[in-house]
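This is what each chain is made of:
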Amino acid sequence: MADTAFTPRVFSGIQPSGGLTLGNYLGALKRFVDMQDAGTHECVYCIVDLHAITVWQDPKALTAQIREAAAAFIAAGIDPSRSILFNQSQVAEHAQLAWIFNCVARMGWMRRMTQWKEKAGKHSEEASLGLFAYPALMAADILAYHATHVPVGEDQKQHLELTRDIAAKFNHDFGEEFFPITEPVIGGPAARVMSLRDGTKKMSKSDPSDMSRINLRDDADLIAQKFRKARTDPEPLPGTYEELKDRPEARNLVDIYAAMAGIEPDAVMAEHGGAGWGQFKPQLAELAVETMGPITGEMNRLMDDPAEIDRILSGGADRAREIAAPILSRTYDIVGLVSK
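Residues numbered from 1 in each chain as written. Predicted model: local features only at pLDDT ≥ 70, side-chain atom pairs only at ≥ 80, totals over all residues. Heavy atoms only, no water.

### Some thoughts on helix H10 (residues 248-261)
One turn of an α-helix holds 3.6 residues; hence residues three or four places apart share an orientation. Look at H10: 20 Å from first C-alpha to last across 14 residues, which is about the 20 Å you get at 1.5 Å a residue. Buried residues dominate H10, accounting for 11 of its 14 residues. Among the residues of H10, Glu249, Ala250, Asn252, Leu253, Val254, Asp255, Ile256, Tyr257, Ala258, Ala259 and Met260 are the ones counted as buried. Those residues of H10 that are buried are in contact with helix H1 (22-38), helix H9 (220-228), helix H11 (265-272) and helix H12 (277-303). Looking one or two places after H10, you find Gly262, whose phi comes out positive at around 70°. (Helix = DSSP H or I, 4+ residues; strand = E, 2+ residues; numbered from the N terminus. Expected span 1.5 Å × (residues − 1). Buried < 20%, exposed > 50% of the residue type's maximum accessible area, 1.4 Å probe, protein only. Contact = heavy atoms within 4.5 Å.)

### Considerations on the side chain of Ser212
Mapping Ser212 onto the fold places it in the loop between strand S5 (183-185) and H9. With residues near it in sequence (within four places) discarded, Ser212 still touches Ser195, Leu196, Arg197, Met203, Ser204 and Asp207.

### Re H1
An ideal rise of 1.5 Å per residue puts 24 Å on 17 residues; H1 measures up with 22 Å between its terminal C-alpha atoms. At Leu29, H1 shows its largest bend, some 30°. In terms of residue burial, H1 counts as a mostly covered element, since 13 of its 17 residues are buried. Between the side-chain oxygen of the N-cap and the backbone nitrogen of Gly23 there are 3.1 Å, and the N-cap of H1 in question is Thr21. Gly39 sits one or two residues past H1 and shows a positive phi near 75°. (Bend = angle between axes of the 7 residues up to and from the residue. Polar contact = N/O pair within 3.5 Å; in protein donor to acceptor, adjacent residues only side chain to side chain.)

Structure (structure tokens):
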């Protein structure tokens, strides 16, 4: 098969399954904005609401969460006129392509997915079929746009590897290099932001303790309180970042500071090495309030105008469909299905 030239295009998404956190901002949204501003790739960003319903969601809460996620994208710096922003369920091509990929992927591939094992656990017989097939829908999300690059966290890297496997098998089975072998974009000082209560666990909106995370809509006083109470150890900050390797809570706070300040962790250590937590935490909280305050304010403004959010998502869906529809139509042709 001859090499095919694909338009440089980024795709990524976030689930609307609860309030977004500082981890979502530093690990995802900030990186999305950086890729948009770089101007080297067309950027397609999606609120993956079909993924959210692989587990039961309260319908009214889900609607609000979709809008809140959209508000977070925009408040963080995603410009709907420069990037495509939409919610997944408005573009039917995702689900249609996912069915074809369900028929390409193999059961053994799905069973090996770490997230399936973690989420289903001992109750796999009671889990939804959607949860099991989640990676095929994720592959469809990406490949419906012939995305060449996907910014992902380490926890999603295995799913992207499956996307690559599905694309490769489809291309091989039908003798045409139609889908790109998408490249992951992994990295950054805060690609994985950890809990403020346990530095060995990812910061999560599903953690029972609200003190474990900074929510994007937390006010300044609450942000300061959470950092003040963040778990650390008795030792002051060392002189080098390497010395934090066995101090997960301390390393996490340094990583958060570095990501918000836009500097390397070594630079944080050069400035704050030797400082005690009573000195460092207030400076971290001040930086967080300075960084997050404008985002929180803009999110609150947008949430007061849900019709505007819906208008932006609808416009984004129309633009997304312009890319995805011909790719799906050609997929149907390759498979042998009759389409319009």
